[in-house]
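Single-letter residue listing:
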Amino acid sequence: MKTLKIASMLAASVALPLTASATELEVTHWWTSGGEAAAVAELAKAFDASGDKWIDGAIAGGGGTARPIMISRITGGDPMGATQFNHGQQALELVEAGLMLDLTDVAEANNWKDIVYPPSLLDACTVDGKIYCAPVNIHSPEWLWLSNKVYEDLGIPVPTNWNEFVASAPQVDAAGKIPLALGNQPWQSNLAFGAMQIAVAGLDAWKAVNVDKNMDVAAGAEYAAVFQAAADARELARKSTVQDWNQATNLVITDQAAGQIMGDWAQGEFQVAGEVAGKDYTCLLGLGLNEYISTGGDAFYFPKLDDPEKEAAQKRLAAQLVSPEVQVAFNLKKGSLPIRGDIDLAAANDCMKKGLEVLAGGNIVPSGDMNWSPDVQKQNEDLMVEFWKSDMSPADAHAKWVENLKSGL
Ligand code: GAL
């Protein structure tokens, strides 16, 4: 604990501005739910406390709405001081166009290469050997969140995996509850499908397709089973009519729905609502079938501003986002995992502890943002929207999905 304090004081002193005047930086992001807002407030608090000024540029409507706005501001000559993206390929074209600030000196001065774990997080920030983003968290999307009360009221045990969840759904349905809460935004059904891939197809098939790009496996039996599971999930979500992911989480929090497939950021909502992991709700990593974490996440990128004072503040913010203090404060509120293993997360709840344990054990895979281009991901999102909102057969969806993947090879 003592070492941690000293280390973070040192980091803070390195980050302090040389002049007393506060430099304002507008920071854009899509963190607008209760839990997300609480988490981002920790970033703002730390930046302001170190002598600069965070001007919050939250964009409502989720990443799908926010990202085009962020990108067009940067390409259109109205750049912000810093912006969230999922690290991977979302900002690649901006970097390649020379619009983003090179943070290699900050990364070297603060030893990011030795600190950031897993190293793939920093690799995803690196283009041609230079570092262009400051990773802030690992977000794992493959969780099933369950309302314990729904099952207690039915007098049946809380499911321990996806198969039990599906088997219990008719009883949930008969009791007038929604078996599976799912928001209408395209990325949410895509996320649910992604979680099913590792859970149902298993790690070997997942890797063959997503890392080795083996299209025979993509078209094969393991993935046919994934599409069948998605068809089951589609039935279970028929009664869910909400739009935003946090509205769907709220259906679980208020025991109107039995479960939701969502990323670890759902934890922030349970926390804000005062719910306790293990008591009020249950979280099943890998849908309780295969406990793997895909290590994508959020990172901040800094558009070039042609203003030395702002640039210095951008670099101070970049260093601070990775610092131990900020990593602890932010991730405890967000429900995500820190990007460094050398910090004390004793205050983590049961779900976060599970994530930390799996991460430390090395059961990790790269995220979709790192494996597939935004174009392929967009095509798959569109496919998922069509599939979840129609009676498209699992076989037809499967065939179209393989075609989409092939377009990205
Ligand atoms: C993701 C983001 C997460 C989470 C989620 C829902 O793209 O990486 O941090 O907040 O969107 O808003």
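Predicted model, so just to flag it, every value in this text is computed and none were measured.

S.K.: Explanation requested: the overall build of the chain in the structure shown.
M.R.: Helix and strand counts for the chain come out as 21 helices and 13 strands. Considering only C-alpha atoms, the chain reaches an extent of 65 × 45 × 35 Å along its principal axes. Long-range contacts, defined as pairs at least 24 residues apart, comprise 77% of the intrachain contacts of the chain with a sequence gap of at least 6. The positive charge centre, built from 29 side chains, and the negative charge centre, built from 52, are 3 Å apart in the chain.

S.K.: Teacher, can you tell me more about the sheet that holds strand β9 (residues 257–262) here?
M.R.: Strand pairing in a sheet takes place through backbone hydrogen bonds and is either antiparallel or parallel in direction. Pairing within the open sheet is mixed, and its four strands lie in the order β8-β9-β7-β10. Of all strands in the sheet, those with a lone pairing partner are β8 (178–181) and β10 (281–285), marking the two edges. Taken pair by pair, the neighbouring strands of this sheet meet at an average axis angle of 20 degrees, ignoring direction. Alignment of β8 against β9, held across three bridges, turns out to be parallel. Each bridged residue has a counterpart across the sheet, and for Leu-180 the counterpart in β9 is Gly-259. Contacts between helix α14 (residues 245–253) and the sheet are confined to β7 (143–147), β8 and β9, with β9 contributing the most and set at about 145 degrees to the helix. Sheet contacts for helix α18 (residues 350–361): β7 and β10; angle to β7, the most-contacted strand, approximately 160 degrees.

S.K.: Please explain the pattern of salt bridges as it appears in this structure.
M.R.: As a working rule, side chains carrying opposite charge can pair if their charged atoms are close by. Counted under the stated rule, the structure contains 17 salt bridges. Glu-42 is the partner of Lys-333 in a salt bridge, and the nearest nitrogen-oxygen pair spans 2.7 Å. Remark: Glu-42 occurs in helix α2 (residues 34–49) and Lys-333 occurs in helix α17 (residues 324–334); sequence separation between them is 291 residues. On the accessibility criterion, Glu-42 (13% relative accessible area) is buried. In this structure, a network of salt bridges that share partners links the residues Glu-26, Arg-73 and Asp-78.

S.K.: Sorry if this is basic, but what is going on with the sheet that holds strand β3 (residues 82–86) here?
M.R.: Read across the open sheet, the five strands follow the order β2-β1-β3-β12-β6; overall the sheet is mixed. Both outer strands of the open sheet, β2 (53–58) and β6 (133–135), are each paired with one neighbouring strand and no more. Going across the sheet, the axis of each strand differs from the next one's by a mean of 30 degrees, ignoring polarity. Of the strand pairs in this sheet, strand β1 (residues 24–29) and β3 are connected by two bridges, and their pairing is parallel. Residue pairing in the sheet places Val-27 in a bridge with Ala-82 of β3.

S.K.: Would you explain the site of the ligand in this entry?
M.R.: All residues adjacent to the ligand are Trp-30, Trp-31, Glu-36, Asn-86, His-139, Trp-187, Trp-245, Trp-265, Asp-298 and Lys-334. At 3.1 Å, a side-chain N or O of Trp-31 approaches an oxygen atom of the ligand. Interatomic distance of 2.5 Å between a side-chain N/O atom of Asp-298 and an oxygen atom of the ligand. Here the ligand, which alone exposes 300 Å², has 93% of that area covered by the protein. Among the residues making up the shell around the ligand, the classes are represented as five nonpolar, two polar and three charged. Each of two domains, domain 1 (6–139 + 296–352) and domain 2 (143–294 + 366–407), supplies a minimum of three residues to the shell around the ligand.

Cut-offs and rules
- Residues numbered from 1 in each chain as written.
- Predicted model: local features only at pLDDT ≥ 70, side-chain atom pairs only at ≥ 80, totals over all residues.
- Heavy atoms only, no water.
- Helix = DSSP H or I, 4+ residues; strand = E, 2+ residues; numbered from the N terminus.
- Contact = heavy atoms within 4.5 Å.
- Lys, Arg positive; Asp, Glu negative; His and termini not counted.
- Charge placed at Lys NZ, Arg CZ, Asp CG, Glu CD.
- Pairing = 2+ DSSP bridges.
- Axes fitted to C-alpha atoms, helices over the stretch in contact; angles between N-to-C directions.
- Salt bridge = Lys/Arg side-chain N within 4 Å of Asp/Glu carboxyl O.
- Buried < 20%, exposed > 50% of the residue type's maximum accessible area, 1.4 Å probe, protein only.
- Near = heavy atom within 4 Å.
- Polar contact = N/O pair within 3.5 Å; in protein donor to acceptor, adjacent residues only side chain to side chain.
- Areas by Shrake-Rupley, 256 points an atom, 1.4 Å probe, with all protein chains shown as cover.
- Nonpolar A, V, L, I, M, F, W, Y, C, P; charged D, E, K, R; others polar.
- Domains from an automatic or database assignment.

Taken by themselves, the reported measurements are silent on function.
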